[in-house]
Amino acid sequence: MKAVNKGEKNAGIKQIAEALGTSIGTVDRALHDRPGVSPRTRAQVLRMADQLGYKPNIAARSLKLNRKIRIAAVLPREIAGFFDPLRAGIRAAAEEALGLQVTLDFYEHPRLGTGDLEVLEKVSKSEYEGILFTPGRPRELAPMIRSLSEKGIAMLCVASDAPNSERIGAVTVDAHASGAVAAELLSLKLQVPSRVTMITGELAIFDHAEKLRGFASTLAMLAPHLTLQPVVESHESPRDAYRQTLALLKSKTRPDALYLSTANSLPVFQALEEQKMLGRIQVIATDFFHELVPLLESGKVLATLYQRPYSQGKISFEKLLGHLMEREKPVITQRLAPHIIFRSNLSLFTARLADVPVQRTR
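Residues numbered from 1 in each chain as written. Predicted model: local features only at pLDDT ≥ 70, side-chain atom pairs only at ≥ 80, totals over all residues. Heavy atoms only, no water.

Student: What is the right way to read the sheet that holds strand 5 (residues 169-173) from this model?
Tutor: Pairing between the strands of a sheet is mediated by backbone hydrogen bonds and can be parallel or antiparallel. Strands sit in the order 2-1-3-4-5-12 across an open sheet of 6 strands; the sheet is parallel. The open sheet has two free edges, formed respectively by strand 2 (102-111) and strand 12 (334-336), since each of these has just one partner strand. Ignoring which end each strand starts from, the neighbouring axes of this sheet average 15° apart. Sheet topology note: the strand 5/strand 12 ladder contains 3 bridges and is parallel. Bridging across to strand 12, V171 finds its partner in Q334. (Pairing = 2+ DSSP bridges. Helix = DSSP H or I, 4+ residues; strand = E, 2+ residues; numbered from the N terminus. Axes fitted to C-alpha atoms, helices over the stretch in contact; angles between N-to-C directions.)

Shown next, in the form of structure tokens:
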């Protein structure tokens, strides 16, 4: 076995074979899990591939097979602070494999749960092999997902899920864990009997429902002294979020803490500011954008749970493209761990706030 240059990146099958002193055919069979290779040899090949930074070139494989792949991304326009970086992640992954053989088209609808069915109907009339989409109301979309799947179109969910449908898989943040983390943070911060309210988008959406389940169950287990009040559903509408928050703050059961499980938080902050409650009510937010920075720096927002939209977008495109190249391999649903941003680690995340170029949509 030859010495390994650990600084070498993007090594090919030939370099792996040379490093191990074996044949290119053996390496190729091991990397693609084909028969004729012993478990020990396969393990050695995979270990060497990892050391050399080997990444399979899906685009080159597409050229070899003389295939042209068309993929559509159907995503909400709002909340832009989340979906713009998600689109950027999809675009970045596409550019790594983009060539004459791979085409990516973006389509948009107003917001999560609004207009997605109509756009999917439009997209279904074009010849796409795969579609990335964020399901709003999974039950309403199930017939469309089934119809598209029966046509041979691979449907992959991103940012939320449509379980028990014909989709091939999903890439999301772990919503249940997000809710659980928010609850534990508030249980540590509030040591006396207090009222807590969750402001979400719409509970018909899988992501929001899972956050509530994680939040409620963890509060019951870790903080019986905290009372969870009825959930406020803003339907991702800034107007509704502002109006409902204002009414909540003026009510007799004004909460001592808020968990904002959606990125639609700016109107909530506006209402808190107007009622001079920003900084007096403990707030756990979701996602990360410019307006949150001073609120975290000043301690007016305790923390935010970053859903890593760029990573979600990039991984989802890579999974869908990989599936289209090798359909016999199942897609494993991936739940990313949310990142917790406090004042103390804020500087580690601010570089991610660079402006994301807007992708032309249809």
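Picking up where we left off.
Student: When you look at helix 3 (residues 39-52) in this model, what are you seeing that I'm missing?
Tutor: Every α-helical turn comprises 3.6 residues, leaving residues that sit three or four positions apart pointing alike. The end-to-end C-alpha distance of helix 3, which contains 14 residues, comes to 20 Å, matching closely the 20 Å that a straight helix rising 1.5 Å per residue would cover. For helix 3, the set of buried residues is R42, V45, M48, A49 and L52. With its buried residues spanning 130° around the axis, helix 3 presents them on a single face. Exposed residues pointing more than 90 degrees away from the buried face of helix 3 are listed as P39, R40 and D50. After helix 3 finishes, the residue G53 shows a positive phi value of roughly 75°. (Expected span 1.5 Å × (residues − 1). Buried < 20%, exposed > 50% of the residue type's maximum accessible area, 1.4 Å probe, protein only. Arc of directions from axis to C-beta.)

Student: Would you mind going over the pairing of strand 9 (residues 257-260) with me for this structure?
Tutor: On a regular strand, each side chain points to the face opposite its neighbour's, so the side chains alternate between the two faces of the sheet. Of the two faces of strand 9, the one lined by A257 and Y259 and the one lined by L258 and L260 are each fully buried. Sheet topology note: the strand 6 (residues 194-200)/strand 9 ladder contains 4 bridges and is parallel. Paired with T197 across the strands is L258, a residue of strand 9. Here strand 9 runs beside strand 10 (residues 282-286); their pairing, made up of 3 bridges, is parallel. Within strand 10, the residue paired with A257 across the bridge is Q282. Chirality of the crossover, the property in question, places the unit of strand 9, helix 11 (residues 266-274) and strand 10 among those that are right-handed. (Right-handed = clockwise from strand over helix to strand, strands pointing away.)

Student: Would you explain the packing of aromatic side chains in this entry?
Tutor: Each aromatic ring pair is described using two quantities: the centre-to-centre distance and the angle formed by the ring planes. One pass over the full model with this rule turns up 6 aromatic pairs. A centroid spacing of 4.9 Å and a plane angle of 90° characterise the contact between F82 and F83, whose relative ring orientation is edge-to-face. Classification of F82 as buried rests on a relative accessible area of 6%. When its relative accessible area of 6% is taken as the criterion, F83 is described as buried. Considering the side-chain rings of F215 and Y259, the 4.8 Å spacing of their centres and the 40° angle between planes classify their relative orientation as tilted. Residue F215 is found in helix 9 (residues 206-222), and its partner Y259 is found in strand 9; the two are separated by 44 residues along the sequence. On the accessibility criterion, F215 (0% relative accessible area) is buried. (Phe/Tyr/Trp six-rings, centres within 6.5 Å; stacked < 30°, edge-to-face > 60°.)

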